[in-house]
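A structural walkthrough
So you can see what is in the structure, the chains are spelled out below.
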Amino acid sequence: MQKITVEPQTGKQLGRILFHGGIAYLTYSAAEIGFFYTGERILADIITDEWRMDDRQQGWVGVFVGEDEEPWKRFPLEAEEAEYLIFDRAEYARYKGVGAEQLPKTLSVRIAKFSEMAFGMCGIRYLLADDDAELLPLPQRKRRIEFIGDSITCGYGIEGVWNVDIFNTPQENPYKDYALRTAVALDADYQLVSWSGIGLITDWIPPERDTPDETILMPQLYPYTACTLSRKLGIEPEPWDVSRFLPDLVVLHLGTNDDSYTRGKPEREHVFAGAYRDLYRKVRQNYGDVEIVCCLGIMTRSLCPVVERLVAKLRAAGDEHIHYLEFDGQREEDGIASDWHPSETTHRKAAEKLTEFCWEVLREERRQK
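Residues numbered from 1 in each chain as written. Predicted model: local features only at pLDDT ≥ 70, side-chain atom pairs only at ≥ 80, totals over all residues. Heavy atoms only, no water.

**Things to note about the overall build of the protein**
- Helix and strand counts for the protein come out as nine helices and 17 strands.
- Relative to the 2.2 N^0.38 estimate, which gives 21 Å for 369 residues, the radius of gyration of the protein is 21 Å and therefore close to what a compact globule would have.
- Seen along its three principal axes, the alpha-carbon backbone of the protein occupies a region of about 65 × 50 × 45 Å.
- Sorting the 369 residues of the protein into buried and exposed places 59% on the buried side. (Helix = DSSP H or I, 4+ residues; strand = E, 2+ residues; numbered from the N terminus. Rg over C-alpha atoms; globule rule 2.2 N^0.38 Å. Buried < 20%, exposed > 50% of the residue type's maximum accessible area, 1.4 Å probe, protein only.)

**Some thoughts on helix H8 (residues 304-316)**
- Helix length check: H8 (13 residues) gives 18 Å between terminal C-alpha atoms against 18 Å at 1.5 Å per residue, within 8%.
- Within H8, burial applies to Cys304, Val306, Val307, Leu310, Val311 and Leu314. Down the axis of H8, the smallest arc covering the buried residues is 165°, so these residues share one side. Opposite its buried face, H8 presents the exposed residues Lys313 and Ala316, each directed more than 90 degrees away.
- Along its buried surface, H8 packs onto helix H7 (266-287), strand E16 (291-296) and strand E17 (322-326).
- Downstream of H8 by a residue or two, glycine 318 has a phi angle that is positive, lying close to 115°. (Expected span 1.5 Å × (residues − 1). Arc of directions from axis to C-beta. Contact = heavy atoms within 4.5 Å.)

**A word on the packing of aromatic side chains**
- Under the counting rule described, the total for this entry stands at 17 aromatic pairs.
- For the pair phenylalanine 75 and tyrosine 84, a centre-to-centre distance of 4.9 Å together with 15° between the ring planes defines the contact as stacked.
- On the basis of relative accessible area, phenylalanine 75 is assigned to the buried category, the value being 11%.
- Its relative accessible area of 13% is what places tyrosine 84 among the buried residues.
- Relative to tyrosine 178, the ring of phenylalanine 147 has its centre 5.9 Å away and its plane inclined at 90°; by these criteria the two rings are edge-to-face. Placement of the pair is phenylalanine 147 in strand E13 (residues 143-149) and tyrosine 178 in helix H3 (residues 178-185), with a sequence separation of 31 residues. Grouping residues by exposure puts phenylalanine 147 and tyrosine 178 together as buried.
- The rings of Phe35, Tyr37, Trp72, Phe87, Tyr92 and Tyr95 are connected pair by pair, giving a single aromatic cluster.
- Lying over the aromatic face of tyrosine 222, arginine 16 brings its terminal NZ or CZ to 5.0 Å of the ring centre.
- The ring of phenylalanine 64 carries the charged tip of arginine 110 above its face, separated from the ring centre by 4.6 Å. (Phe/Tyr/Trp six-rings, centres within 6.5 Å; stacked < 30°, edge-to-face > 60°. Lys NZ or Arg CZ within 6 Å of the ring centre and 35° of its normal.)

The following block contains the structure:
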């Protein structure tokens, strides 16, 4: 078999991927590498870190083949370095209930990160492919959309049940959350910059604490490809090259964790609004007049008026490319996932609302042009 090093030009890449020391690190949730493949088998040599020792917080990888909406393989990274079977034509044919000869000669294969960057490093050292097989890039979709968010955007606990399960990476699935559902509905390629518990001025804090937790904040992460991973590797964080992914839409879904500290206090809400404006300015600096949709409301709602007022002020100041969308709050009859996080049903409803809103934003953009 031929050994293929994953480089920036290998296949089609989604999400922020960090290349260092000949290794391609899949960073945030739903980062992936995809290609058309004509061979019989593919293996991937993948490294991970100390989280492999905790079976509730290991890195998880999924593999999608063809037009399948569900991964045909999904597995934890249990060894510091190991070769994992990514695709086997005969095995995949059995999984589909057909003969291998009935499969198309060329199939798309996507290697995707299911767990978030906070847990389980996922570095692809190389792929092993058939000697005569080709890896051809997948086509680009019509649009591009970037999501900046917290645990909701990571798909935290989406496959778990409230009061039964506590957070674990085996139940984390960004491919079932509102963000990727919206991207698929918009026929858009996607990039997630998301981290559970994160905010703009504080991480989530318990009710008994009354000071912000500034351990990891979105303003620290967003300018870099993979700030925390770089530090773990002992290298300087690499500034993200925005030319690698120029979106048509940016969705900001932040404030849920800040709410744990602001608690309706005007002076704290003012600080939050200032940090939100600063992130907005960074997005504008990166992408010019990209359409920005600011969302909130699924889990907490007290900061919704703050974000809505800020968006109104920015529009009144002349920015017609920023918009506010308030999600419906989650309901117990729709199910509640791990640690009071939204269920798959709630994510689906949020995606339907966001998709409809984004279509209207895009139509309005076309009318203005």
